[in-house]
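Descriptive structure summary
Listed here are the chains, written in short residue letters.
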Amino acid sequence: MEKTVSVLGFLLAFSEHLDSQLPENRRHSSRVANISLAIANYLNLSEKSKYDLAISALLHDAGNGNKNHNNNNNHKEISDHALKSSLFLSDIPFLERASTIIKYHHFPWNLGKGEFYQDEKIPIESQILNLAEHIDESYDKSKYILKEKNKIIKKIKEKGEKIFNPDVLNAFYDLSQKESFWFEINYDDITPQNFSCDIKLDIDSFLLLSKAIARIVDYRSKIQVRHSRNVANIASFLAGNLGFNDEKIKRIRISGYLHDIGKVALSSEILLKDDKLTRREIEYIKVHPFKTFVTLKKSVPFEDIIIWSSYHHEKLNGKGYPFRLKGNEIPTEARVVAIADIYSALLEDRPYRKGISEARAINYMRKLAREGYIDKEIFGVLYENREELKSVIRL
C-alpha cells in the first residue's frame, strides 16, 4: 500500500515547535485548537468545518515571524500577521479553506458590521478562532486554570460584541460553566484519528505542503529569507545532473524544503543576532537538525526524506553533527542536501556578515572536499555546472 502523510498529523508535529521560541507561547496553538473545537462542537459544526478549524488553529500564527506573540495590529480589520499566515497557504489547494479562516481570525465582529469583509462572508470558523485566541491570551499559564476562569470571562465580556460574534460568545459563556471545558484546554487530545476527513497526501501533494512549510520556516528565521527554497532548488538541480530519477529528485527537493524545520523552535534572539555567535550559542544551534529529525519522525512515513533532511550537517570525516556519522553512513542523497545547504548559506546575507562571492564560495567548498568534509564527486558536479546553477538561486 502506498504511504501517505496525514496533513493534521504533520501540522501537529510542526506546530509544537512553531510555538516554542518563547516560553510563554509554548502550546499556544494546541490550546487555541482545543478551545476552538469545544466551541465548534457546541455549535454543531460539521466534521469538515471542525477539521479546517483545527488546521487553522495550528497555523494561525505562522506569520508572526520570530518576534513575540502579540498582535500589534488589532486596530486593523485584517492584521498583518493574519494576512501573512494566510498567504503562506493560499496556493495550496487542500489548505485553501484554512487560509481564508486564518486571514480573518482577527477580524472584529463590530456589532454585526464584521459579518462581511467587502463581498466576502467572514467564516464562522474565523470568529471562533478569534475568540479562542483571546481566551488563551487572557490568563496566567503558571496559575491553576480554575483560579483564572473568572478573570478570563470578565475580559471577554468587556470586549463583547465589539470584537466577538454573539453566537460564539454565548457558546463560550455556556461552556465556561463546566470545569471540563477548562481542563480540556491543556490536553493534547487532537489526533488525525478524530477526523475521518483527514487529508492523506501522496508524495506530489506532500511536495506542495513542504514548499508552504519552507516559506514559514524561512520567514520566521529572517536570516535566511529564501534559504530553504534555495537548498531545495540547488539539491534537485544537483540530483538531476547526477542522473537520479524523477521520483528521487522529488524526494530530495522535499528534503531541501524541510531540512531546517527544526529551526522554528530556536530562540529568535540567537537566530537574529547581529554579531557572530558565541561558542555556547553555536552549541545551542546544533540542536536544530535533531529537531528536524524528531518532527519528521513523528509525522512522515518516508524514512528516506527523514534521513536526507536531518543529516545536512553531517560530514564524511565524522566532524559533523548531531549524529557524528561518517563515510558510507551518510547516504549520497543526504550529501547532496548538505552541499546545497553549504553553498546556499555561503552566498546569502546573514545579520553578522554579507554573503560571499561565488568564486570565494567555490574555493571554500573545494577546500572542504579536499579535507574530506563533503563529497568530492557531488562538489565536482556543482563546480562544472556553476553557471547554469545561477538560474535556480535567488538571493
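For the structure itself, consult the block above.
Residues numbered from 1 in each chain as written. Predicted model: local features only at pLDDT ≥ 70, side-chain atom pairs only at ≥ 80, totals over all residues. Heavy atoms only, no water.

**A closer look at the environment of Y42**
Here is the rule: Here a strand is any run of E in DSSP of at least two residues, a helix any run of H or I of at least four, and the numbering for each starts at the N terminus. Here the term buried applies to any residue with accessible area under 20% of the maximum for its type, exposed to any over 50%, and partly exposed to those in between, with areas from a 1.4 Å probe on protein chains only. Any two residues whose heavy atoms approach within 4.5 Å are treated as being in contact. In protein, a polar contact means a hydrogen-donor-capable atom and an acceptor-capable atom, both N or O and within 3.5 Å, with residues adjacent in sequence counting only if both atoms are side-chain atoms; elsewhere, any N or O pair within 3.5 Å suffices.
Following the sequence through the fold, Y42 ends up in helix α2 (residues 28-42). Look at Y42 and you get partly exposed, because its relative accessible area is 36%. Placed 126 residues apart in sequence, Y42 and V168 show a C-alpha to C-alpha distance of 9.4 Å. Excluding residues within four positions of it along the chain, Y42 makes contact with A171, D174 and L175. A polar contact is formed between the side chain of Y42 and the side chain of D174, at a distance of 2.3 Å.

**Focus: the side chain of S255**
Relative to the helices and strands, S255 is located in helix α12 (residues 246-258). Within the structure, the side chain of S255 is placed 2.9 Å from the backbone oxygen of R251, a separation counted as a polar contact. Excluding its chain neighbours within four sequence positions, the residues that come into contact with S255 are I305, W308, S309 and V337.

**Focus: the pattern of salt bridges**
Which entries qualify depends on this criterion: For salt bridges, the criterion is a side-chain nitrogen of Lys or Arg within 4 Å of an Asp or Glu carboxyl oxygen.
This model, assessed by the stated rule, comprises 21 salt bridges. Between D91 and R215 there is a salt bridge whose closest N-O contact spans 2.8 Å. On the criterion of sequence distance, the pair formed by D91 in the loop between α4 (80-89) and α5 (96-103) and R215 in helix α10 (residues 203-221) is long-range, its members being 124 residues apart. Here D375 ties to R335 by a salt bridge, and the two come within 2.8 Å at their closest N and O atoms. Pair noted here: D375 is in the loop between α18 (358-370) and α19 (376-384) and R335 is in helix α17 (residues 332-347), with a separation of 40 residues, a long-range link. Like D375, the residue R335 is buried in the burial classification. Members of the salt-bridge network, linked through shared partners, are E358, R386, E387 and K390.

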